[in-house]
Each structure stands twice: as structure tokens, then as C-alpha cells.
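Architecture at a glance
Chain residues, written in single-letter form:
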Amino acid sequence: MTTLHRWGALAAFTGAATYIFGFALLATLLAPSGYGSSNADPATIVAFLSGSPGIVTLWNFVIYVVNGIALGILAVALADRLKPHAPALGQTSLVFGIVWTTLVIGAGMLANVGNAAALAHYPADPDQAALLWEIFHTVENGFGGGNEIVGAVWALVLGVGMLRTGLFPRLLGGFSLVIGLAGLSTVIPAAGDVGGAVFGLGYIVWFVWVGVCLLRPAR
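The following paragraphs examine the structure supplied in this document. Everything quoted here is computed from the prediction, not taken from an experiment. (Residues numbered from 1 in each chain as written. Predicted model: local features only at pLDDT ≥ 70, side-chain atom pairs only at ≥ 80, totals over all residues. Heavy atoms only, no water.)

With 17 residues, helix 6 (residues 149-165) extends 24 Å from end C-alpha to end C-alpha; this agrees with the ideal 24 Å at 1.5 Å per step. Burial in helix 6 covers these residues: Gly-151, Ala-152, Val-153, Trp-154, Ala-155, Val-157, Leu-158, Gly-159, Gly-161 and Met-162. Two residues or fewer past helix 6, Gly-166 is found with a positive phi of approximately 70°. (Helix = DSSP H or I, 4+ residues; strand = E, 2+ residues; numbered from the N terminus. Expected span 1.5 Å × (residues − 1). Buried < 20%, exposed > 50% of the residue type's maximum accessible area, 1.4 Å probe, protein only.)

Below, the structure written as C-alpha cells:
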């Protein structure tokens, strides 16, 4: 086990923690506003933002920026673990991992900028503020959250690599494929909510499992 793999394990545990934090806030402090739901009312969201801007800013920062940084470190560590035994899969996983990292961090930055812009207009024109928030939120969802294609492909590539190399438990490799397929299903409107839930909750387990594996010597 190298120092990089230890950092990768820490990043994996951080990823799980950010998802747990995000789900917990959605179910508690953010629940009354409908923030994070697919049918959220922009006017209600902006009114909530005006009263609790810090909570939403913190939520976006943790689930996007902190999570994205952790993803980048983990992507490098997993690619390093796979490369000696499956160079092409290791390199491919790194590419999709870094792309996902970029999109996730970008979504967080965009979300907080959009919230700030909406709040600046809210006192004078609440309707304009709601429209502005909706525009920013639509672009944010295109980067991450509205669909999970890149994260899904990353999970699929890693799942194949885990199964081919035997460096990780076969069950983990299979679980990675399940998460990947669930993420791909988010492009189908009828399956998006269920697929997104399986993807998000599944990744919590996956992050912890991968972190534990990285703390052990490669097989």
C-alpha cells in the first residue's frame, strides 16, 4: 500500500461523508423548501434562500466542491492501482474520473454563483430572481445531478477493471456495474428518480468499500 492509496482511501471515505451529509440536509433543514427535488418551485426556493443562504451555500460546497476534490484524488489512486495489471482500463478510468471531478466542482461553483445572483435581485423583483435561479439551476443540473452519465461510466469502467484484475473483491466489481447501470438509467425520465436514488445511495456503500480495499495491500 502506497501513500497515494492511503490518500485515495481517505478521499473515498470523504466522498461517502459528503453524500451522507447531503442526504441528511435534504431530509431535514432543506426539506420544507423542496430544495433538491425535481419539482421544486423556484419562487419558494428563492424565498427560502433569502432567509437561509448559509445553509444552501454550505450544502452546495460540501456535496459539490468537497466531493469533487475527493473524487479527483480517488480517481488517481484507483487508476494507479489498476494500471500495472490493466493499463488501458486504468487510464480510461482516470479520464472519466477527472471529467466527473470537473463537472461536479463546476456544478457547485455555478450553483453558488446562481444563488448569489438570484438573491441580489430578490428584494426588488422576486419574480425575476426566481427566473434567474431557475436558469442557473437548469445549467447546474446539466453539469451534475440532473443526469449521472459520467459518474455511471466511471463506475462501469472501474467495475470491469475490478473483475478483470482481481485486485478488488468480485462482489465490489459487480456492485460497481450495478451503480453504473443505475446512473445510466437517469437519462430515462420514467426511471430517473429510482435510478438516481440507487446511484446516490449505492455510491455511499461503494465509497466506504473502496476505501477499505485501498487500505489493504493489492492482491
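On we go.
Moving on: the packing of aromatic side chains. For the structure shown, the criterion picks out 13 aromatic pairs. For the pair Phe-199 and Tyr-203, a centre-to-centre distance of 4.9 Å together with 80° between the ring planes defines the contact as edge-to-face. Placement of both Phe-199 and Tyr-203 in helix 8 (residues 192-214) is noted, with a separation of 4 residues, approximately one turn of the helix. Relative accessible area serves as the criterion here: at 2%, Phe-199 is assigned to the buried category. Chaining the aromatic ring pairs together yields one cluster made of Tyr-19, Trp-100, Trp-154, Phe-199, Tyr-203, Trp-206 and Phe-207. (Phe/Tyr/Trp six-rings, centres within 6.5 Å; stacked < 30°, edge-to-face > 60°.)

Judged by side-chain polarity, Ile-149, Leu-181, Leu-184, Val-187 and Ile-188 come together as a nonpolar surface patch covering roughly 410 Å² of accessible area. Turning to its location among the elements, Ile-188 is positioned in the loop between helix 7 (170-184) and helix 8. Ile-188 sits in the partly exposed class, given a relative accessible area of 45%. (Patch = residues over 30% accessible without salt bridge, like charges linked within 9 Å, V, L, I, M, F, W, Y side chains within 5 Å. Areas by Shrake-Rupley, 256 points an atom, 1.4 Å probe, with all protein chains shown as cover. Salt bridge = Lys/Arg side-chain N within 4 Å of Asp/Glu carboxyl O.)

Two numbers describe how helix 6 lies on helix 8: the axes approach to 13 Å, and their chain directions differ by 40°. Taken together, helix 6 and helix 8 sit at an angle that is classed as oblique. Every pair of crossing elements has a handedness; the one defined by helix 6 and helix 8 is left-handed. When helix 6 is examined against helix 8, the residues Gly-151, Ala-152, Trp-154, Ala-155, Leu-158 and Met-162 are found in contact with a partner set consisting of Phe-199, Tyr-203, Trp-206 and Val-210. The residue inventory of the contact of helix 6 with helix 8, partitioned by class, reads 9 nonpolar, 1 polar and no charged. (Axes fitted to C-alpha atoms, helices over the stretch in contact; angles between N-to-C directions. Parallel < 35°, antiparallel > 145°, perpendicular 65-115°, else oblique. Left-handed = near helix turned anticlockwise from the far one by under 90°. Contact = heavy atoms within 4.5 Å. Nonpolar A, V, L, I, M, F, W, Y, C, P; charged D, E, K, R; others polar.)

Right, let's talk about the nonpolar core for a bit. Counting residues in each nonpolar core, the largest one holds 47 residues, and the members touching the most others are Leu-74, Leu-78, Trp-154, Phe-168, Tyr-203 and Trp-206. In terms of residues, this core owes the most to one element, helix 3 (residues 53-82), which gives 10 residues. Leaving out residues up to four positions away in the same chain, Tyr-203 has contacts with Tyr-19, Trp-100, Gly-151, Trp-154, Ala-155, Ile-179 and Val-198. (Core = buried A, V, L, I, M, F, W, Y, C linked by side-chain atoms within 4.5 Å.)

Any functional reading would require information that these geometric values do not contain.
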